[in-house]
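Structural overview for review
Residues per chain are reported as follows:
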Amino acid sequence: MTLRHRLTALAASLGVGLVLATAGATAASAHDTLENTDPAKGSTVKSLSSVALTFSADPLGTEGATIIQVIGPDKKYYETACPDLNGPVVSSPAALGGAGTYEVLWRVVSSDGHPISGSYTFAYAPDGTATPAAAGSVKPVCGPAATATTEAPAAGGADTGLWIGLGIGAVVLIGVGVGAWALARGRKN
Ligand SMILES: [Cu+2]
């Protein structure tokens, strides 16, 4: 291999690596993000009839892939119907049980086709006995597909593109090091 061949090979691998790294990072950053929630994260509400999540773009209405679960302090489910998609807003009606901390578990398909998910909590402190406590459901209300807890790996997988990009970036750096070493060695010979 001549010096010119080495340089050409190095430049080619650098170019391919950079393109792949950029593509990976772009894919990962294209997910929709959760911009607003009602109730707000960490807030305390006196009453609640629905949970509404607003995303940065319109999630895809893929059948069975949109999940909102409202889990009470007794681990029962207090959403009362399947989620409704309306542009960037995904909402579910809910009727809460006793006072305490409730967790909202959600999953949607980002407008770029990747599932994204998350959870947050809010507190429920009803005013006296004005609102009767709902009984809740021992199972997620929206069918067997709506088990958001089993979707945790999907949430991790959503950032795979970024890690692939970073990995390729690291490989490129190693390649540059090896290439420089080979060049220095070739020059010496
Ligand atoms: Cu994505």
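Residues numbered from 1 in each chain as written. Predicted model: local features only at pLDDT ≥ 70, side-chain atom pairs only at ≥ 80, totals over all residues. Heavy atoms only, no water.

**Some thoughts on the coordination of the copper ion**
Surrounding the copper ion are the protein donor atoms H31 (ND1), D112 (OD) and H114 (ND1), which sit 1.9 to 2.1 Å from the metal. Donor residues binding the copper ion come from one chain and are separated in sequence as H-x80-D-x1-H. The class of D112 is partly exposed, set by a relative accessible area of 28%. For H114, a relative accessible area of 30% gives the class partly exposed. (Donors = N, O, S within 2.8 Å, 3.2 Å for Na, K, Ca; no water. Buried < 20%, exposed > 50% of the residue type's maximum accessible area, 1.4 Å probe, protein only.)

**Thoughts on the packing of aromatic side chains**
The tally for this structure, following the rule as stated, stands at four aromatic pairs. For the ring pair F55 and W106, a centre distance of 5.2 Å and an interplane angle of 70 degrees mean the geometry is edge-to-face. Note that F55 is positioned in strand β3 (residues 50-55) and W106 in strand β7 (residues 100-109), a separation of 51 residues in sequence. We classify F55 as buried; its relative accessible area is 2%. Judged by its relative accessible area of 7%, W106 falls in the buried class. The interplanar angle of 70 degrees and the centroid separation of 5.6 Å between the aromatic rings of Y78 and Y102 together place this pair among those described as edge-to-face. Highlighted residues: Y78 in the loop between β4 (67-71) and β5 (84-86) and Y102 in strand β7, separated in sequence by 24 residues. (Phe/Tyr/Trp six-rings, centres within 6.5 Å; stacked < 30°, edge-to-face > 60°. Helix = DSSP H or I, 4+ residues; strand = E, 2+ residues; numbered from the N terminus.)

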